[in-house]
Amino acid sequence: MTRDEITEVLNRPHSKALLERDMLRMAYVAKDGTPRVIPIAHTWNGAQVVLCTTTNAPKLHSLRANPSVALTIDTEVHPPKILLIRGTVELDHVDGIPEEYLQMNGSYEMTPEQRVEWEREVRSLYVDGMVRIVVTPTWAKLIDFESTLPSAVQELVERRSARQEAV
């Protein structure tokens, strides 16, 4: 998939709305060779998905060994809107708290006082800094069940049309 094709998918209105959501699920291969899927907060910077984690997170060893990931962001309504992204990660150790971490946690309902307390707790907890997991998309697909379908369902629709035309 070309960069322009990826950009076109990610710039669709449904994709943009999904990229604004707080959480996604990230799949990666764990160090024991088995798959893992984790929910994790994220932010979109217009070109990359940015996640943040602790410096001692087990997923870091796995991501260093195999930087390929798959991301899913979806809705809980019918018909669902689903954004699928595959990409590669770069790991960036940050002293202190990455600005993205504060942004991705900015939509939770907190009073100004709660926000101050939350940030104080975060800064006291992550004294060793954090790691930014930066995902550069290498493939993207939006499934909205209006203009796009899962490929297997699309194939069935095409087969049905061919059968109906043959009659």
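Just above sits the structure.
What you see is a predicted model; the values in this text were computed from it and never measured.

*Asks:* Would you mind going over the overall build of the chain with me for this structure?
*Replies:* Helix and strand counts for the chain come out as 6 helices and 7 strands. The order of α-helices and β-strands along the chain, N terminus first, is α-α-β-β-β-β-α-β-β-α-α-β-α. Overall size of the chain, expressed as C-alpha extent along the three principal axes, is 70 × 40 × 30 Å. Evaluated residue by residue, the chain yields a buried proportion of 36% over its 167 residues.

*Asks:* Would you take a moment to explain the side chain of Asp74 for this structure?
*Replies:* Mapped onto the fold, Asp74 is located in strand 5 (residues 68–74). Side-chain polar atoms of Asp74 contact the side chain of Arg25, separated by 2.7 Å.

*Asks:* What should I look at first to understand helix 1 (residues 3–10) in this one?
*Replies:* Residues separated by three or four positions in an α-helix point in the same direction, a consequence of the helix having 3.6 residues per turn. Among all positions in helix 1, only Ile6, Val9 and Leu10 are buried. The buried side chains of helix 1 occupy one side of the element, clustering within an arc of 95° when seen end-on. For helix 1, the elements touching its buried residues are helix 2 (13–19), strand 3 (43–44), strand 6 (82–94) and strand 7 (130–143).

*Asks:* It is not clear to me how the sheet that holds strand 7 should be interpreted in this structure. Could you clarify?
*Replies:* In a beta sheet, neighbouring strands are held together by backbone hydrogen bonds and run either parallel or antiparallel to one another. As summarised here, the arrangement of the 7 strands in space is 2-1-5-6-7-4-3, forming an open sheet in which the pairing is antiparallel. Only two strands of the sheet have a single partner each, and these edge strands are strand 2 (35–41) and strand 3. As paired strands, strand 6 and strand 7 are joined by 13 bridges and run antiparallel to one another. Bridging from a neighbouring strand, Leu84 pairs with Lys141 of strand 7.

*Asks:* Honestly, unusual backbone geometry in this entry has me stumped. Any pointers?
*Replies:* Trans is the common state for peptide bonds, and a negative phi is the common state for residues other than glycine. With an omega dihedral of -5°, the bond running from His78 to Pro79 counts as a cis peptide bond. Within the secondary structure, Pro79 sits in the loop between strand 5 and strand 6. With a phi close to 60°, Phe145 is a non-glycine residue in the positive phi region. Along the chain, Phe145 turns up in the loop between strand 7 and helix 6 (151–166). The exposure class assigned to Phe145 is partly exposed, which follows from its relative accessible area of 34%.

*Asks:* Explain the pairing of strand 6 here, please?
*Replies:* Successive side chains on a regular strand alternate, one facing one side of the sheet and the next facing the other. Pairing of strand 5 with strand 6 involves 7 bridges; the strand directions are antiparallel. Paired with Ala70 across the two strands is Arg86, which belongs to strand 6.

*Asks:* Help me understand the nonpolar core in this model?
*Replies:* Nonpolar side chains in soluble globular proteins generally cluster together in the buried interior. Counting residues in each nonpolar core, the largest one holds 26 residues, and the members touching the most others are Met26 and Leu83. Looking at which element gives the most residues to this core, the answer is strand 7, with 5 residues. Not counting chain neighbours up to four residues away, the residues in contact with Met26 comprise Arg36, Val37, Ile38, Ile40, Leu51, Lys59, Leu63, Val69, Ala70 and Leu71. Counting 9 residues, the second largest nonpolar core, distinct from the first, contains Ala41, Cys52, Tyr101 and Leu102.

*Asks:* Whenever I open this one, the packing of aromatic side chains confuses me. Can you help?
*Replies:* How two aromatic rings sit relative to each other is given by the distance of their centres and the angle of their planes. Per the counting criterion, the structure on display carries 2 aromatic pairs. With 5.9 Å between their ring centres and 75° between their planes, Tyr101 and Tyr126 make a pair best called edge-to-face. Of this pair, Tyr101 sits in helix 4 (residues 99–104) while Tyr126 sits in the loop between helix 5 (112–125) and strand 7, and the two are 25 residues apart along the sequence. In this structure Tyr126 comes out as buried when scored by relative accessible area, which is 16%. An aromatic cluster is defined as three or more aromatic residues linked by ring pairs; in this entry it consists of Tyr101, Trp118 and Tyr126. One Lys or Arg, Arg86, reaches over the ring of Trp139 and ends 3.7 Å from the middle of that ring.

Cut-offs applied
Residues numbered from 1 in each chain as written. Predicted model: local features only at pLDDT ≥ 70, side-chain atom pairs only at ≥ 80, totals over all residues. Heavy atoms only, no water. Helix = DSSP H or I, 4+ residues; strand = E, 2+ residues; numbered from the N terminus. Buried < 20%, exposed > 50% of the residue type's maximum accessible area, 1.4 Å probe, protein only. Polar contact = N/O pair within 3.5 Å; in protein donor to acceptor, adjacent residues only side chain to side chain. Arc of directions from axis to C-beta. Contact = heavy atoms within 4.5 Å. Pairing = 2+ DSSP bridges. Core = buried A, V, L, I, M, F, W, Y, C linked by side-chain atoms within 4.5 Å. Phe/Tyr/Trp six-rings, centres within 6.5 Å; stacked < 30°, edge-to-face > 60°. Lys NZ or Arg CZ within 6 Å of the ring centre and 35° of its normal.

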